[in-house]
Amino acid sequence: MIELIPTDLIIPTKETLLNAESEWIESMRKDWTPFAITAVFKASGSVPRPDYWLDQYKHKVVWKVNKRLCRHAKELIVVHEFGCYYEFEESSLKKSFADKRHPHHVHAILLIPTSMTNRVWDEVEQKLSPRLTKDFQSISIVSSVLMEPIRTGETISWLVYSAKGKDLTHIKRSNK
């Protein structure tokens, strides 16, 4: 027997889900500053390993941000589960991988308490704090980290970019 989906059940589209996440993040700007972040790892390969690389992102990159915010924090201060997507097969059009190897990388949004953003972002110079830049460079498995605040009203652009080409029902997101 075939079960039909009830007609009163509306399944949200990818666009609807991304818009809702964006609106929620934008609504928290009074207390939290959203930062767009992309972490590219030095390793490449021919097989994706999302669980491993999302774990490396959380325990190496996010950990460095948290340590910059509070030296003795036992719990994570930053919120890092939103807009967090692993990518493997996607790469820059400028790069050619003749051997079919691709970089492992993670796109995400970090929510940092507004009262603490000065510890990670130099507002005058409009760049990441030199200390955090040095911390990121000390992670042996990380090739590069790009992190910058998301301008008001542009959260949806980052979410759409991060989720490009991904079916959100099958996506590997950080959940640890």
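Refer to the structure above for everything that follows.
Let me begin by describing the structure that accompanies this report. Counting starts from 1 at the beginning of each chain's written sequence and moves along it residue by residue. Only residues with pLDDT of 70 or above have their local features reported here, since the model is predicted, and side-chain atom pairs are shown and tallied only from 80 upward, although totals for entire chains, interfaces and linings are computed over all residues. Excluded from the side-chain calculation are hydrogens and water; included are all heavy atoms of the structure.

## Considerations on the environment of asparagine 66
Part 1: Secondary structure elements are taken from DSSP: a helix is a run of H or I of four residues or more, a strand is a run of E of two residues or more, and numbering for both begins at the N terminus. Residue placement: asparagine 66 occurs in helix H2 (residues 50-69).
Part 2: Separated by 54 residues in the primary sequence, asparagine 66 and valine 120 place their C-alpha atoms 9.7 Å from one another.

## Some points on the packing of aromatic side chains
Part 1: Two rings from Phe, Tyr or Trp (for Trp, the six-membered ring) form a pair when their centres sit within 6.5 Å of each other. Planes less than 30 degrees apart are called stacked, planes more than 60 degrees apart edge-to-face, and all others tilted. Evaluation of the coordinates by the stated rule reveals 4 aromatic pairs.
Part 2: Summarising the aromatic geometry, the rings of phenylalanine 35 and tryptophan 121 are spaced 6.3 Å apart at their centres and angled 65 degrees between planes, so their arrangement reads as edge-to-face. In this pair, phenylalanine 35 sits in strand S1 (residues 32-45) while tryptophan 121 sits in strand S4 (residues 121-122), placing the two residues 86 residues apart along the sequence.
Part 3: We call a residue buried when its accessible area falls under 20% of the maximum for its residue type, exposed when it is over 50%, and partly exposed in between, using a 1.4 Å probe and counting protein chains only. Under the relative-accessibility criterion, phenylalanine 35 is labelled buried at 1%.
Part 4: Taken together, the ring pairs in this structure connect Phe41, Tyr52 and Trp53 into an aromatic cluster.
Part 5: Note that arginine 49 overlies the ring of tyrosine 52, its terminal NZ or CZ placed 4.3 Å from the centroid. For a ring to carry a charge above it, either NZ of a lysine or CZ of an arginine must fall within 6 Å of the ring centroid while also lying within 35 degrees of the normal to the ring plane.

## Considering the pattern of salt bridges
Part 1: Here, a salt bridge means any Lys or Arg side-chain nitrogen found within 4 Å of an Asp or Glu carboxyl oxygen. Enumeration over the complete set of coordinates arrives at 3 salt bridges.
Part 2: With a shortest N-O distance of 3.4 Å, arginine 151 and glutamate 154 are connected by a salt bridge.

## Re the nonpolar core
Part 1: Note on terminology: a nonpolar core comprises buried Ala, Val, Leu, Ile, Met, Phe, Trp, Tyr and Cys residues joined through side-chain atoms within 4.5 Å. Counting 30 residues, the largest nonpolar core has Tyr57, Val65, Val120 and Met147 as its most contacted members.
Part 2: Elements with a minimum of two residues in this core: S1, H2, strand S2 (79-87), strand S3 (102-113), helix H3 (130-137) and strand S6 (142-149).
Part 3: Looking at this core, the element that brings in the most residues is H2, giving 7 residues.
Part 4: It only takes one pair of heavy atoms within 4.5 Å for two residues to be counted as in contact. Beyond its immediate sequence surroundings of up to four residues, valine 65 is in contact with Val78, Leu110, Ile112, Val120, Leu132, Phe136 and Met147.
Part 5: Formed by 11 residues, the second largest nonpolar core is a distinct cluster that contains Leu18, Ile25, Leu111 and Ala163.

## Quick notes on the packing of H2 against H3
Part 1: Only C-alpha atoms enter the line fits that serve as axes; for helices the fit covers just the stretch in contact. Angles between N-to-C directions range over 0 to 180 degrees. Viewed as axis vectors pointing N to C, H2 and H3 meet at an angle of 150 degrees, and their least axial separation amounts to 10 Å. Judged by the inter-axis angle, H2 sits roughly antiparallel to H3. In the crossing of H2 with H3, the sense of the turn from one axis to the other is right-handed. Here Val61, Lys64, Val65 and Arg68 of H2 come into contact with H3, specifically with Arg131, Leu132, Asp135 and Phe136. In this scheme, roughly parallel covers angles under 35 degrees and roughly antiparallel covers those over 145, while 65 to 115 is roughly perpendicular and the rest are oblique. By definition, any crossing whose near helix is turned counterclockwise from its far helix by less than a right angle is left-handed, and any crossing with a clockwise turn is right-handed.

## Notes on H3
Part 1: Among all positions of H3, only Leu132, Asp135 and Phe136 are buried. Taken end-on, H3 shows its buried residues confined to a sector of 100 degrees, consistent with a single buried face. Pointing more than 90 degrees away from the buried face of H3 are the exposed residues Pro130, Lys134 and Gln137.
Part 2: Residues of H3 that are buried make contact with H2, strand S5 (127-128) and S6. Think of the arc as the fan of directions from the helix axis to the C-beta atoms.

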